[in-house]
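What follows is each chain in one-letter form.
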Amino acid sequence: MLKTADLIQIRRHLHQIPELALNEFQTHTYIKEVIQGFDQEHLTIREVEELPTALLVHIDGVNPKRTIGYRTDIDALPVQEETGLPFESKHPGVMHACGHDIHMTVALAVLSYFAQNQPQDNMVFFFQPAEESENGGLLAYEDGVFEGQWRPDEFYGLHDTPDLPAGQIGCRLGTLFAGTTEIDVDFVGKGGHAAFPQNANDMIVAASQFINQIQTIISRSLDPIHSGVVTFGMFEAGTIRNVIAGRAHLEGTIRGLKQTTIEQIDERIRDVAAGIARSYNCEVNLNFIQGGYLPVENDPKLTENFIDYMEKQHASQFTITEPAMTGEDFGYLLSKIPGTMFWLGVGDEHPLHSAKLNPNEDAIEPGVKAIVDFLEYRMQEK
Ligand SMILES: CC(=O)N[C@@H](CCC[C@H](N)C(=O)O)C(=O)O
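Procedures and definitions
- Residues numbered from 1 in each chain as written.
- Predicted model: local features only at pLDDT ≥ 70, side-chain atom pairs only at ≥ 80, totals over all residues.
- UniProt positions renumbered as here; feature names shortened; annotations may be inferred.
- Helix = DSSP H or I, 4+ residues; strand = E, 2+ residues; numbered from the N terminus.
- Rg over C-alpha atoms; globule rule 2.2 N^0.38 Å.
- Buried ≥ 20, exposed ≤ 12 C-beta atoms within 10 Å, placed from the backbone.
- Contact = placed C-beta atoms within 7 Å.
- Domains from an automatic or database assignment.
- Axes fitted to C-alpha atoms, helices over the stretch in contact; angles between N-to-C directions.
- Left-handed = near helix turned anticlockwise from the far one by under 90°.
- Nonpolar A, V, L, I, M, F, W, Y, C, P; charged D, E, K, R; others polar.
- Near = placed C-beta within 6 Å.
- Pairing = 2+ DSSP bridges.

- Per an unreviewed UniProt entry, the chain carries the name N-acetyldiaminopimelate deacetylase and comes from Convivina praedatoris.
- According to the UniProt record, the Pathway (unreviewed entry) comment for the chain is "Amino-acid biosynthesis; L-lysine biosynthesis via DAP pathway; LL-2,6-diaminopimelate from (S)-tetrahydrodipicolinate (acetylase route): step 3/3."
- As stated in UniProt under Function (unreviewed entry), the record for the chain gives "Catalyzes the conversion of N-acetyl-diaminopimelate to diaminopimelate and acetate."

Rendered as structure tokens:
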């Protein structure tokens, strides 16, 4: 079983080698090396040809009544780290700004425990690429990764949150995270000289109007009880101050706690885009990418059991949380296999996706203990 010092060293190493979705090759190799250092007697390590950065590990149970799945994501974000930590990212412009380094460390610790203490039930650990984009969960499922002995009967996974104190577990019945749709928008007008706007068709102006009008969808078109989010995090247009941009490109994300809310927002975006195309005499091309970021719906029975256990056995370290507008492609896997997603507090003043995020490593040990204790308890149940 990995000791605290090993866990810190693993987490810091992973933090230094962040990689973007589907390119997590160094991470994959490192995780595999760590796992190869565990007792191999009951373990089967599996690579996936179609998804080369994914890794699965099966542990044979002593007296299996079920197969319990545990999933962690392994990818990072295109963010330039600004923490100033001595173990800062060595990959320019890429950072574990969502704490997946913590997720992986916790998963490795739980796996090392069960490698040494053979579980009652079978277990499948899934080190999943591409959570932030590219739909790793869906790709794995559609590649048939979860077939035969690799199909969990129930699936668990966590996400870290700086909003809870280090080591605290948070969960809720029903929807934990929003569903999301990614959206790309391309505006095509006519470039020209800055001095002669009458001869051009300026797509910075059209795209700016589009962004402004989109902001009214949430406030004016949605029932406030079923709120949502539309954020455009990328706006690209133009080359130089004195040339009118004939093209603009936006990338954004649409979120809602219900799939129907997302569909309603999508519909209004289509209307606004058609209006902009007409009034600015330009083309507006929309590309909606659903990709499997469905709302994360916790299974009622399994989650009630999880919450009940945490409230009784880890009361001082457990809290019921509100739903969050973060997305998670574990929502797709939970739409196929019942399970529970929960938060692990890593108490930090900086939010997820911040260049300054510095999750508190003190979260790792109590997090691992709570998960191992729960899984041991679950394996005692019929
Ligand atoms: C926990 C978290 O931050 N997850 C990401 C998931 C990305 C969803 C998808 N790529 C999108 O942007 O819609 C998040 O941004 O919430």
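Digging into the overall build of the chain
Phase 1: Along its length, the chain carries 9 helices and 16 strands.
Phase 2: Against the globule reference of 21 Å for 382 residues, the chain gives a C-alpha radius of gyration of 23 Å, in line with a compact fold.
Phase 3: For the chain, the spread of C-alpha atoms along the principal axes amounts to about 75 × 45 × 40 Å.
Phase 4: Here the chain holds 382 residues, and 43% of them are scored as buried.
Phase 5: In the chain, once contacts between residues fewer than 6 apart in sequence are set aside, the share between residues at least 24 apart is 80%.

Some thoughts on the domain arrangement of the chain
Phase 1: Along its sequence, the chain is organised into domain 1 (4-176 + 295-380) and domain 2 (179-289).
Phase 2: For domain 1 and domain 2, the distance between their C-alpha centres works out to 35 Å.
Phase 3: Contacts between domain 1 and domain 2 engage 6 residues on the former and 7 residues on the latter.

As for the packing of helix α5 (residues 203-221) against helix α6 (residues 259-279)
Phase 1: For the pair α5 and α6, interaxial distance at closest approach is 10 Å and the crossing angle is 145°. The interaxial crossing formed by α5 with α6 has right-handed handedness. Every residue of α6 that contacts α5 at A206, Q209, F210, Q213, I214, I217 and S221 is listed here: I265, R268, I269, V272, A273 and I276.
Phase 2: Along the lines of polarity and charge, the residues of the contact of α5 with α6 split into 9 nonpolar, 3 polar and 1 charged.

Some words on the site of the ligand
Phase 1: Inspection of the region around the ligand gives C98, E132, S133, H159, T180, E182, T253, Y293, T326, G327, E328 and L352 as its neighbouring residues.
Phase 2: Within the shell around the ligand, the residues separate by chemical class into 3 nonpolar, 6 polar and 3 charged.
Phase 3: No fewer than three residues from each of domain 1 (4-176 + 295-380) and domain 2 (179-289) sit in the shell around the ligand.

Describing the sheet that holds strand β16 (residues 339-345)
Phase 1: Ordered by their spatial adjacency, 8 strands build an open sheet running β1-β2-β4-β3-β5-β16-β6-β15, and the pairing between neighbours is mixed. Strand pairing shows two members of the sheet lacking a second neighbour, β1 (43-47) and β15 (318-320), which therefore form its edges. Across the sheet, the axes of successive neighbouring strands diverge by a mean angle of 25°, strand direction being ignored.
Phase 2: Of the pairings in the sheet, the one linking β1 to strand β2 (residues 55-59) comprises 5 bridges and is antiparallel in character. The residue of β2 that forms the bridge with E47 is L55.
Phase 3: Contacts from helix α7 (residues 300-313) reach β5 (154-161), β6 (169-171), β15 and β16 within the one sheet, and its direction differs from that of β6 by about 145°.

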